[in-house]
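The primary structure of each chain is shown beneath.
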Protein chains: 2
Amino acid sequence: MSERIRVALDAMGGDNAPKEIVKGAIEAVQEKDNIKVFLVGKKVSIENELSKYQYNKEQIEIVSAEEVITNDEAPVMAIRSKKNSSIVAGMNLVKSGGADAFVSAGSTGAILVGGQVIVGRIKGVERPPLAPVIPTMDGVSLLIDCGANVDARASHLVQFAKMGSAYMEKIVGIQNPRVAIVNIGAEEEKGNALVKETFPLLKNCKDINFIGSIEAREIPNGQADVIVCEAFVGNVILKLYEGLANALVGKIKESLMETARGKIGGAFIKPVLKNTFQKFKASDYGGAPLLGLKGLVVKAHGNSNSTEIKNSIIQCVTFSEQKINETIRDMIENVESQK
Amino acid sequence: MSERIRVALDAMGGDNAPKEIVKGAIEAVQEKDNIKVFLVGKKVSIENELSKYQYNKEQIEIVSAEEVITNDEAPVMAIRSKKNSSIVAGMNLVKSGGADAFVSAGSTGAILVGGQVIVGRIKGVERPPLAPVIPTMDGVSLLIDCGANVDARASHLVQFAKMGSAYMEKIVGIQNPRVAIVNIGAEEEKGNALVKETFPLLKNCKDINFIGSIEAREIPNGQADVIVCEAFVGNVILKLYEGLANALVGKIKESLMETARGKIGGAFIKPVLKNTFQKFKASDYGGAPLLGLKGLVVKAHGNSNSTEIKNSIIQCVTFSEQKINETIRDMIENVESQK
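Source: prediction; values computed, not measured.

Participant: Would you mind going over the nonpolar core with me for this structure?
Facilitator: Inside soluble globular proteins, nonpolar side chains tend to come together where they are buried. Core analysis: the biggest nonpolar cluster contains 196 residues, and Leu39 and Val182 of chain A together with Leu39 and Val182 of chain B have the highest contact counts within it. If we skip the residues at most four places from it in the chain, leucine 39 of chain B touches Leu9, Ala11, Val22, Ala25, Ile46, Leu50, Ile60, Glu61, Ile62 and Val63 of chain B.

Rendered as structure tokens:
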């Protein structure tokens, strides 16, 4: 058996911690033999949860961290002052080489700050972007950046394009992924100042397959594999995706219940509808990696259940095996040396 | 009978011109006796279309303008050079007082430029925003600005909030409309530089009901009546709304056809589904007004059919009757004098 990928998991992060988090760890190690999970958090709480399951003891270990960083704490202050929190302790494990990756469903702000301050950036990476995979008609696309760096500069967006391209090729397995920049028109001269500045830089990028602008209308059609945007815009896209899908499901259910005809039809198509909307739930595709760091940091959805946690853990294996960070380092250094 | 509201209609604008445009004019005057439509465009083409219908000749008049501005022309240049285009001629009618409003499904860029250059801004208005109404779970919200002014400043967004508030109160009839700013978190300290600067200004606005930040996730739930954002973000929201709803409809249809069970259920629920998605089609709520101009300018969806054109024309009546521009002038002057 090959050596196990070691994942530090924030047992205290997210709406359903520690119950669903611990359950997700159990499911991950039951599914994959090549994973070891360090459950980081309050020892007694974790032990209580673990006692419910049968599992290979060699694959799960508790790392005690008795503090918790909450969502409403100011991230920088929280990372500085709560040295014994599950987020800080988990990231320190990655930094020291004791773990290959860190997964958390906790405070996005604290994870972003901790990632930069504790784990640290790959040399040459200016801003590590948060890059979730979002569902499309035919598959998935990578939305990069979706919340890590508001008011980013053009040079940051170029790095996002490269990192996203590497991720989609190595992790999702898409050959020569199509990279597009989110814009408000298809033409090169359209856009705000940031997009106008970034567009020609992307066009001149030799190591990515830049296909030009993408309007938000085309995103769900899967017209690009890597969707580059500034974090504010990316966050709006990600959250509207979620909100609109939920609203439509609600509206359809409501409408079906209004008539006898709808109720009958609804009974027939319930599984189909459920399946369709499930495919459009952004949260089911594992967590969002924070790219460009020396170790892997994955932000799972705040209301993740055990399946989403399990998927986020398993994602770390592919990430490690494919040596994404080495690829990113090469691409970024490549540019640095071209300067 | 009260005096007729005079609407100049760009007969040459949009994917379905002149056929659906002329048809929309016919439908509008057949429905409302208090409207007069000036069909602006190529005389012979318009006459050909008009010859298909019976209508009150007093309510429709042709204004010959033999040039057409296309979507791929640079807007500023097109407005300057094509003096005899339907857009320039229609706007000149508004400027000279010959019409109360101008409706076009043509080039957004040319309409935005023409609105400012030909019709002109109300004194004190810095940037006229494009403000479509979008569907929500329970009704509609106004999205302002959704494409007119990229890289807007905080002071512009404050004016958008006021103009949007006036519009929703007077036109849509919502008392004390809730105004929110699009943000990537609910807290005041969240956001990019623009939002952080705008938030306290909106908070201090006495004449609007500012309820704080809105995350994109909550927009479809109708948590605010007036959704304030910078044009790039607004455009992304509007287009993703459209794209995602279309993708989901497509996906559901596809899934239903995959199984016998789905086919049967689908036959039952087809009218229900159609109705639901119809409600979520942003284009059905008339055109988007370009607010803050001396006359009313309405941008209809590029692929508008006759119904959408009719709705856009009828919208002008309410706009005129409610004296929106007078309200906007008062609100803006009110601020100016507070400075």
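Participant: Whenever I open this one, the sheet that holds strand β3 (residues 60-64) of chain A confuses me. Can you help?
Facilitator: Sheet strands line up and pair through hydrogen bonds in the backbone, either parallel or antiparallel. All names here are of chain A. In space, the six strands of this open sheet follow the order β3-β2-β1-β4-β11-β10, with mixed pairing throughout. The open sheet terminates on both sides in strands that have one partner only, identified here as β3 and β10 (288-290). Strand-to-strand, the axes of this sheet are offset by a mean angle of 25°, without reference to chain direction. Of the pairings in the sheet, the one linking strand β2 (residues 35-41) to β3 comprises five bridges and is parallel in character. When the sheet's bridge partners are listed, valine 40 is paired in β3 with valine 63. The strands that helix α4 (residues 86-95) touches are β1 (5-10), β2, β3, β4 (101-104) and β11 (296-299); relative to β4, the one it contacts most, it runs at about 160°. Helix α10 (residues 306-321) rests against β1, β2, β4, β10 and β11 of the sheet, and its axis sits at about 145° to β1.

Participant: Just checking my understanding: could you explain the packing of helix α8 (residues 231-258) of chain A against helix α8 (residues 231-256) of chain B for this structure?
Facilitator: For any two helices packed against each other, the geometry comes down to the angle between their axes and how far apart the axes lie. Packing of α8 of chain A against α8 of chain B brings their axes to within 9 Å, and their N-to-C directions diverge by 40°. Classified by the angle their axes make, α8 of chain A and α8 of chain B are oblique. Between α8 of chain A and α8 of chain B lies a crossing of right-handed hand. Residue-level inspection shows Phe232, Val233, Val236, Ile237, Leu240, Tyr241, Leu244, Ala245, Leu248 and Ile252 of chain A of α8 of chain A in contact with α8 of chain B, the latter providing Phe232, Val233, Val236, Ile237, Leu240, Tyr241, Leu244, Ala245, Leu248 and Ile252 of chain B. In the contact of α8 of chain A with α8 of chain B, the residues fall into 20 nonpolar, no polar and no charged.

Participant: Any chance you could explain the pattern of salt bridges here in plain terms?
Facilitator: Oppositely charged side chains are able to pair whenever their charged atoms sit close together. If you walk through the whole model with that rule in mind, you get 30 salt bridges over all chains. In this structure, the salt-bridge partner of lysine 36 of chain A is glutamate 61 of chain A, at a minimum N-O distance of 2.8 Å. Note that lysine 36 of chain A is positioned in strand β2 and glutamate 61 of chain A in strand β3, a separation of 25 residues in sequence. Look at the salt bridges and you will find they share partners, linking Glu215 and Arg217 of chain A together with Lys239 and Glu242 of chain B into a network.

Conventions adopted
- Residues numbered from 1 in each chain as written.
- Chains lettered and ligands numbered in written order.
- Predicted model: local features only at pLDDT ≥ 70, side-chain atom pairs only at ≥ 80, totals over all residues.
- Heavy atoms only, no water.
- Core = buried A, V, L, I, M, F, W, Y, C linked by side-chain atoms within 4.5 Å.
- Buried < 20%, exposed > 50% of the residue type's maximum accessible area, 1.4 Å probe, protein only.
- Contact = heavy atoms within 4.5 Å.
- Pairing = 2+ DSSP bridges.
- Helix = DSSP H or I, 4+ residues; strand = E, 2+ residues; numbered from the N terminus.
- Axes fitted to C-alpha atoms, helices over the stretch in contact; angles between N-to-C directions.
- Parallel < 35°, antiparallel > 145°, perpendicular 65-115°, else oblique.
- Left-handed = near helix turned anticlockwise from the far one by under 90°.
- Nonpolar A, V, L, I, M, F, W, Y, C, P; charged D, E, K, R; others polar.
- Salt bridge = Lys/Arg side-chain N within 4 Å of Asp/Glu carboxyl O.

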